[in-house]
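A look at the structure
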Amino acid sequence: MRLIVTKMNLGLWAAAYIKEKINTAVPTAEKPFVLGLPTGGTVVDMYANLRMFHKQGTLSFKNVISFNMDEYVGLPKDHPQSYHSYMHQNLFGEVDELPQNIHILNGQAADLNQECADYEAAIEKAGGIDLFLGGVGRNGHIAFNEPGSSFSTRTRLVKLTPSTIEANSRFFLNDTQRVPHEALSVGIGTVLAAKEILFLASGDKKAEAVAHLFAPGTDANWPITALKTHAHATLLVDMEAASQLPASAKASLDAQMQANPAAEHWVLEVPEK
Ligand code: GLP
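Because the structure is predicted, anything quoted here is derived from the model rather than measured.

Turning next to the overall build of the protein. Along the backbone of the protein there are eight helices and 11 strands. Taking 2.2 N^0.38 as the reference for a compact globule, 273 residues should give roughly 19 Å; the C-alpha atoms of the protein span a radius of gyration of 18 Å, in line with that estimate. Each principal axis of the C-alpha distribution contributes one length, and for the protein these read about 55 × 45 × 35 Å. Relative to its 273 residues, the protein shows a buried fraction of 44%. The contacts of the protein with a sequence gap of at least 6 include a subset with a gap of at least 24, amounting to 78%.

Moving on: the sheet that holds strand β9 (residues 196-201). An order of β5-β3-β2-β6-β9-β10-β1-β11 is seen for the eight strands of this open sheet, with the pairing classed as mixed. The open sheet terminates on both sides in strands that have one partner only, identified here as β5 (102-103) and β11 (265-269). Judged from the five bridges that link them, β9 and strand β10 (residues 233-237) form a sheet pairing that is parallel. Residue Leu 200 lies in a different strand from β10, and its bridge partner there is Leu 236.

Moving on: the nonpolar core. With 76 residues, the main nonpolar core has Ala 14, Phe 199, Ala 201, Val 210, Leu 235, Leu 236 and Val 237 as its most contacted residues. Here this core gets six residues from one element, more than from any other, and that element is helix α1 (residues 10-25). In this view, Val 237 contacts Leu 3, Val 5, Ala 201, Ser 202, Val 210 and Ala 242; residues no more than four positions away in its chain are not counted.

In the vicinity of the ligand, 15 residues are found, and the nearest of them are Gly 40, Gly 41, Thr 42, Gly 135 and Gly 137. Residue assignment for the shell around the ligand shows that the elements contributing at least two residues are β6 (131-135) and α5 (162-168).

Its identity as a non-glycine residue notwithstanding, Val 26 has a phi of 45°, on the positive side. If you trace the backbone, Val 26 turns up in the loop between α1 and β2 (33-37). A positive phi is found at Ala 143, a non-glycine position, where the angle reads about 50°. Within the element layout of this structure, Ala 143 appears in the loop between β6 and β7 (156-159).

Take the pairing of β6 next. Summarising burial for β6: five of the five residues are buried, a large majority. As paired elements, β2 and β6 share two bridges and run parallel to each other. Following the sheet pairing, Leu 35 is matched in β6 by Leu 131. Sheet analysis places β6 next to β9, joined by five bridges and oriented parallel. Looking at β9, one finds that Gly 134 is bridged to Phe 199.

Moving on: the sheet that holds β7. Read from one edge to the other, the open sheet built from three strands follows the order β4-β8-β7, with strand pairing classed as antiparallel. Strands at the two margins of the open sheet, each flanked by one partner only, are β4 (70-72) and β7. For this sheet, the mean angle separating the axes of adjacent strands, direction not counted, is 30°. As defined by bridge partners, β7 adjoins strand β8 (residues 182-185) across four bridges and the pair is classed as antiparallel. What sits directly across from Lys 159, in β8, is Glu 182. Set on the sheet, helix α4 (residues 112-125) makes contact with β7 and β8; between it and β7 the angle comes to about 120°.

Turning next to helix α8 (residues 247-259). Taking 1.5 Å per residue, 13 residues should reach 18 Å; α8 reaches 18 Å between its end C-alpha atoms and fits that length. The buried fraction of α8 amounts to one of the 13 residues, a small share that puts the element mostly on the outside.

Orientation of α1 relative to helix α2 (residues 44-56), taken along the N-to-C sense of each, is 50°, at an axis distance of 7 Å. As the angle between them shows, α1 and α2 are arranged oblique. Between α1 and α2 lies a crossing whose hand is right-handed. Side by side, α1 and α2 meet where Leu 10, Gly 11, Leu 12, Ala 14, Ala 15, Ile 18 and Lys 19 of the first sit next to Asp 45, Met 46, Ala 48, Asn 49, Leu 50 and Phe 53 of the second. When the residues that make up the contact of α1 with α2 are grouped by side-chain class, the tally is nine nonpolar, two polar and two charged.

Conventions and cut-offs
Each chain carries its own residue numbering, running from 1 in the written order of its sequence. Note on the predicted model: pLDDT of at least 70 is required for a residue's local features to be given, and 80 or more for side-chain atom pairs to be given and counted; whole-chain, interface and lining totals, by contrast, use all residues. In this description a helix means any DSSP run of H or I spanning at least four residues, a strand means any run of E spanning at least two, and both kinds are numbered starting from the N terminus. As defined in this context, the radius of gyration uses C-alpha atoms, and a globule is described by 2.2 Å times the residue total to the power 0.38. Exposure is read from a count of other C-beta atoms within 10 Å of each residue's own; the residue is exposed at 12 or fewer, buried at 20 or more and partly exposed in between. C-beta atoms are placed from the backbone. For every residue pair, C-beta atoms are placed from the backbone, and the pair is scored as a contact if these atoms sit within 7 Å. When DSSP finds at least two bridges between two strands, those strands are taken to pair. Joined through C-beta atoms within 7 Å, a set of buried Ala, Val, Leu, Ile, Met, Phe, Trp, Tyr and Cys residues constitutes a nonpolar core. Nearness between a residue and a molecule or strand is assessed with a C-beta atom placed from the backbone; a distance within 6 Å qualifies. Only the contacting stretch of a helix is used when fitting its axis, a line to C-alpha atoms as for every element, and angles between N-to-C directions run 0 to 180 degrees. For a helix, the expected span equals 1.5 Å multiplied by the number of residues minus one. In these notes the angle categories are as follows: under 35 degrees is roughly parallel, over 145 is roughly antiparallel, 65 to 115 is roughly perpendicular, and the rest is oblique. Take the far helix as the reference: if the near one is turned anticlockwise from it by less than a right angle, the crossing is left-handed, and if turned clockwise, right-handed. Note that Gly is not counted as nonpolar here; it falls among the polar residues with everything else outside the nonpolar set of Ala, Val, Leu, Ile, Met, Phe, Trp, Tyr, Cys and Pro and the charged set of Asp, Glu, Lys and Arg.

Structure below.
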């Protein structure tokens, strides 16, 4: 796994990376490119830049299939804070992805377990996920896999922790009572099964979770550390999210920044052990 630190806008960096991946793959209807997609504040800029590339004519989603990572349980799809609404506003409403290629978990399904099993089957049928994008919770969660989740989990019904409910209450009039307490989420195992993973973390509220990557081994209490076991995983962070790195990682970052201050980004290898 690698940590990429940049002073660039994270959303622009990520969108340019995604564009390059999709365009290099030259996807077709027979062999589409499969994306795993996140929601959250961190990736709003990423979606803005993807929309811009589409508008400029340098990126098409016509042969892209996508699977969103999670959705709240019980919110109607047209609720302003549902992840269905978020995705429509931030991406699908303005790009050419075909409606039948858009997959978002239905948090109002009559049988939630069946919904999750069907989702895993649909990912498999699509040939697996080529590039899984994601954000990171303050407590290190990935998708809605809260601390303690097994790294082998697959799509399932999850309970949100008080910390996540509190963090997400900013989208619900700062009222924790309004935040759904359950969600459907891909599992950590679902994310790890992707061919490539690119997660983003910005701001000092994420610095503690980012720093945990440099503790020895993995830690189920910090789900983000699962990415250390993947052969092709990247966490892209800004300077604030990199502000609590341990001394040796910080020294390596400082040395790179001094040697090449104008670089677009600096790379730290994250040891798996
Ligand atoms: C929610 C989402 C996560 C996301 C996290 C971080 O909990 N389910 O997938 O990574 O928020 O969100 P933000 O980017 O707003 O900090």
